[in-house]
Amino acid sequence: WRDGEGAPYSLLVPSDEVTINYRHGLPVITLMLPTRRERCQFTVKPVVTTVGAFLQDVQIEDKGIERAEVFATDGSKVSDATLMEVLLMNDFKLVINNTAYNVSPPVKDKLSSEHATEMEDIKSLVHRLFVALHLEDHQIRKERELLQKLDHLKGELLPLEQMKARIMDSADAKTSRLLWVGLALMSTQGGALAWLTWWVYSWDIMEPVTYFITYGSAMAFYAYFVLTKQDYIYPHAKDRQFLHYFYRKSKKQHFNVERYNKLKDDLAEAEESLRRLRQPLHLRLPIQEINDKD
């Protein structure tokens, strides 16, 4: 066999003398060093290593190598500036001193599949190692942050809670007084109707009066439904009146209900995050699944 200049080589070695395998995504070129008479492996980075750098590494490993070159299968010389990634796409001949080696790189499709599988294995291993080494520190740091956030939220909520308690007591007292006033008015009305029926007038005169009072009450209950879109049920009416007094008192006391609700939501979220952090089995579960289990 002759090179591009027509100079013959004394020996043409079969391709199994130089092999290329891939380990962890990188090509490993194994060849027999002519002077040391031992097989040596060279791991190259195909996207950054050039042919010249690879040949230089071979000559450094075996000082008895006087000439190292790479030729394409058609006999043309491969430039030293060519990247190994380009060289490994096709078969080539590696010439060391006067010996030429036939080299057949692995098939690219197979290589890509093996490379992807190995890289996924490496990523998974690195992730597991990182979790094993740093998860506890991360949990401690996150727990400290959540505790600080809880203290801050509780500090902001404390004066609001005190103000809310005073407003609720005032609204509840007014609502109770209104209920007692309603009972007193109904009792007074019943007594007045009885007095007018048996002592002043007769039932024949008072019957139309009681009819119109009953009809007026029905109209009042219907008007309540038209305005509120709710039936006049005593517990609901009491709660509605309580909220009316509460919001009116909050406005006078400059109590920000929206800010209070936002702080309460943030506090509940921080407490839930802290609870999940302290239960490692719940760290990777969605909140909905945890609620279903609880």
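Above this text sits the structure in question.
Attention in this report is confined to the structure presented alongside it. (Residues numbered from 1 in each chain as written. Predicted model: local features only at pLDDT ≥ 70, side-chain atom pairs only at ≥ 80, totals over all residues. Heavy atoms only, no water.)

## Side note on the pattern of salt bridges
One side chain can pair with another of opposite charge once the charged atoms of both are near each other. All told, the structure shown has six salt bridges when counted by the stated rule. The shortest N-O distance in the salt bridge between Arg67 and Glu69 comes to 2.7 Å. What makes Arg67 partly exposed here is its relative accessible area of 32%. Under the relative-accessibility criterion, Glu69 is labelled buried at 14%. (Salt bridge = Lys/Arg side-chain N within 4 Å of Asp/Glu carboxyl O. Buried < 20%, exposed > 50% of the residue type's maximum accessible area, 1.4 Å probe, protein only.)

## Remarks on the pairing of strand S7 (residues 99–103)
In terms of burial, S7 is a largely internal element, four of the five residues being buried. When strand S6 (residues 92–96) meets S7, the two strands line up antiparallel, connected through five bridges. Its bridge partner being in S7, Leu94 is matched across the sheet by Tyr101. Between the antiparallel neighbours S6 and S7 lie two residues, among them Asn97 with a positive phi of about 55°. (Helix = DSSP H or I, 4+ residues; strand = E, 2+ residues; numbered from the N terminus. Pairing = 2+ DSSP bridges.)

## Digging into the nonpolar core
Counting residues in each nonpolar core, the largest one holds 25 residues, and the members touching the most others are Leu31, Phe54, Val70, Phe92 and Leu94. Residue assignment for this core shows that the elements contributing at least two residues are strand S2 (19–23), strand S3 (26–33), strand S4 (38–43), helix H1 (51–61), strand S5 (68–72), helix H2 (84–87), S6 and S7. Sort the elements by how many residues they give to this core and H1 lands first, with four residues. For Leu31, the residues in contact, after removing those within four places along its chain, are Glu17, Val18, Glu38, Arg39, Cys40, Phe42, Phe54, Val58, Leu94 and Ile96. Within the second largest apolar cluster, 19 residues are counted, among which are Tyr245, Phe246, Leu263 and Leu267. (Core = buried A, V, L, I, M, F, W, Y, C linked by side-chain atoms within 4.5 Å. Contact = heavy atoms within 4.5 Å.)

## Focus: helix H4 (residues 203–228)
The terminal C-alpha atoms of H4 lie 37 Å apart, and with 26 residues this matches the ideal 38 Å at 1.5 Å per residue to within 8%. Among the residues of H4, Met206, Thr210, Tyr224 and Thr228 are the ones counted as buried. In the stretch just after H4, Lys229 is the one whose phi turns positive, near 60°. (Expected span 1.5 Å × (residues − 1).)

## Description of the packing of aromatic side chains
Going through the model one piece at a time under the given rule, you end up with seven aromatic pairs. The interplanar angle of 20° and the centroid separation of 6.3 Å between the aromatic rings of Phe242 and Phe246 together place this pair among those described as stacked. Taken together, the residues Phe242 and Phe246, both in helix H5 (residues 234–253) and four residues apart, mark about one turn of the helix. Comparing Phe242 with Phe246 shows no difference in burial state: the two are buried. Between Phe255 and Tyr260 the ring centres are 5.7 Å apart and the planes differ by 50°, which places this aromatic pair in the tilted class. Both residues of the pair, Phe255 and Tyr260, belong to the buried class. (Phe/Tyr/Trp six-rings, centres within 6.5 Å; stacked < 30°, edge-to-face > 60°.)

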